[in-house]
Every structure is written in C-alpha cells, then in structure tokens.
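Each chain, written out:
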Amino acid sequence: MTNSAAPEEPKYWVKSVARAADILEALAAPSQGNGLSVTEVGQVCSISKSAAFGMLQTLRAYGLVSDDGEGMNRRYRLGMSLARLGDRARSQVSLRGVAHPVLRELSRATGMASRLAVPEDGHAVVVDQVELDQRVRLDLRMGQRELPHCTGLGKALLSAVPQGEAASIVERFGLPRRTSRTITDPATFLSHLRDIARVGYALDDEEDAEGIICIGAPVFDDRSVCAGAVSITGLKTGLPAWRYQELGGQVRDSARRISVSLGWVDDPEDGVSDTPTSHSDEIGS
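Let me sum up the structure you'll find in this document. (Residues numbered from 1 in each chain as written. Predicted model: local features only at pLDDT ≥ 70, side-chain atom pairs only at ≥ 80, totals over all residues. Heavy atoms only, no water.)

What follows covers the packing of helix H5 (residues 95-110) against helix H9 (residues 242-261). The geometry of H5 relative to H9 is characterised by a closest axis approach of 9 Å and an angle of 160 degrees between their N-to-C directions. The pairing of H5 with H9 is recorded here as roughly antiparallel in orientation. Like other packed secondary-structure pairs, H5 and H9 cross with a definite hand, here right-handed. Of the residues in H9, those in contact with Leu 95, Val 98, Ala 99, Val 102, Glu 105, Leu 106, Ala 109 and Thr 110 of H5 are Arg 243, Leu 247, Gln 250, Val 251, Ser 254, Arg 257, Ile 258 and Ser 261. (Axes fitted to C-alpha atoms, helices over the stretch in contact; angles between N-to-C directions. Helix = DSSP H or I, 4+ residues; strand = E, 2+ residues; numbered from the N terminus. Parallel < 35°, antiparallel > 145°, perpendicular 65-115°, else oblique. Left-handed = near helix turned anticlockwise from the far one by under 90°. Contact = heavy atoms within 4.5 Å.)

It is worth spelling out helix H6 (residues 152-159) at this point. Counting buried positions along H6 gives eight out of eight residues, so the element sits mostly inside the fold. For H6, the full list of buried residues reads Gly 152, Leu 153, Gly 154, Lys 155, Ala 156, Leu 157, Leu 158 and Ser 159. (Buried < 20%, exposed > 50% of the residue type's maximum accessible area, 1.4 Å probe, protein only.)

Attention shifts here to the packing of H6 against helix H8 (residues 186-199). In the contact formed by H6 and H8, the axes pass within 9 Å of each other and the chain directions differ by 85 degrees. One finds that H6 runs roughly perpendicular with respect to H8. Of the residues in H8, those touching H6 at Lys 155, Leu 158 and Ser 159 are Phe 189, His 192, Leu 193, Ile 196 and Ala 197. Tallied by class, the residues present in the contact of H6 with H8 amount to five nonpolar, two polar and one charged. (Nonpolar A, V, L, I, M, F, W, Y, C, P; charged D, E, K, R; others polar.)

Counted according to the given criterion, the structure contains 17 salt bridges. The partner of Arg 198 in a salt bridge is Asp 195, and the shortest N-O contact between them spans 3.7 Å. Placement of the pair is Arg 198 and Asp 195 together in helix H8, with a separation of three residues, close to one helical turn. Under the relative-accessibility criterion, Arg 198 is labelled partly exposed at 36%. (Salt bridge = Lys/Arg side-chain N within 4 Å of Asp/Glu carboxyl O.)

Attention now moves to the environment of Ala 197. Within the fold, Ala 197 resides in helix H8. Judged by relative accessible area, which is 41%, Ala 197 ranks as partly exposed. When the C-alpha positions of Ala 197 and Ala 156 are compared, they lie 8.1 Å apart, and in sequence the two are 41 residues distant.

Here it is in structure tokens:
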C-alpha cells in the first residue's frame, strides 16, 4: 500500500521510514479494528512478509504497534505510544499560530478583513484578526463577543454542534433583533443552521449591522470537534449577490486548511453542497 496522501519522493526520501508510515496507516484503517496478520500487512503495503515482520517488530519495540495472539493467529494493532505522541502533538499546535497565515492570505484574496474566533459560553470570541489598510475601517475589536444567531462567526460555530445543543443556546440567549434582517424565530433559525452545515459556511447579510456582511466557516480539530471559526467582514455596498457564493467557498476552503493543520481528516463521503443558502423569505418572523 502507498499512502495516498504521501508526497512525491523528495531528494532525501528514506524508503524504510515511508514503509513504516504505510504500516501505521494500514493498521489505522477503520476496517482493521481486529488488527492485521503479518501476511495481511505485507499484502496491504506491497512488501514481503519478512520485511513486514521486521518493520512490525521494530515499531512494536517503540510502542507504536502492539500485538496479541500466537503463531498464525497473531494480530497487530496500533500501539498506545501513538496516543501519547498525539497528545503531545496537540499541545504543541497553536490555533492562532496555524490560522494567522491563512487569515492573511484570505484577506488578500477577498479584499476583506478576516478574523478568527473560538467558542465561549455560546458566543464567538475573536482572538485574532487581519485588517486591511482602507479608508473605511470597520470596528473589529479583539476579544469581542459575537452574538451566536446573527453573525457569521456565531452562526458558523452553532452550525457545527448538535442541534440539541444549538437549541439550548438559542433558548438560553434568545434571538434578539439587531436589524430588520435578523432571524428571530427559533424553528426558522435551527433550520437555517442545518442549511449552513450543508454548504459549509454561514452568511450574515446585514443581520447584525446595516450595510455589513460577514461570512464565516467552522474549524475542526483532530477529533472532529469544532475548535473555532474564521470569517471575512466587509461593506455590502456594490457587492453583487453572485459574489456571496464565491466568497463563501473561499472562507470554507480557508477553514478546511486550518482544520487539516490541526489534524482534522476530511471525510469524502461527508461532502458539502456548493448551493448557497438563503433565508430572505424567512426574515421578519
């Protein structure tokens, strides 16, 4: 087996290390819950049985692989040392450190200010931002708490939690009207969250402030738990409606890049639609 995510062989490629990585990937496959035999490892990784055995014993010595059974019944699985290394890797990753370069690129690509927020008590708290040098400056303050129901960041975060949890947050904080476009009906809002989860990004179309749009998308960690959200914010004046979908895709892709850097693994069977969601007929409820 060759890891489909593996890059082209660089100048200093070490084949034995690559084979060891392939073995770990093979053992990590969801279908291998009962482990693999030496023969199966060799077949999956396209190496000889003797090479597979040697690799497995070396990885076992470092706790990266474990085994049980005897003789032909011996099965190999991932070792618990990987859990320790995973915890260390997680502790060494800074969400802001990973996200900031992506925010800079997102702002350059869209011409809008970009922000990063983390969930806190049902709200979105801004922890990083990239502003543009422009004549009209938006009031985007660090540490600001974004309302969960009418902002791009807040809606993106809520769309990434179970509907029951989102409903509890709505019941707790309500849906106060900020503009004439704010969704204030709980059932309509929860349906709107399902649409956001489907397309992968949330649109605040003058729902928090007149003349301002914000598009946000959730960021996930290695456990597929929502770790935060990224967004872009700008003036609506002169922005054609077709541009929303294009900008939404850019924000969604940026959020995915950050998620992958945090260890999140994209599920190809859990795709999102590129059809933009609209609630224009639901506003005013």
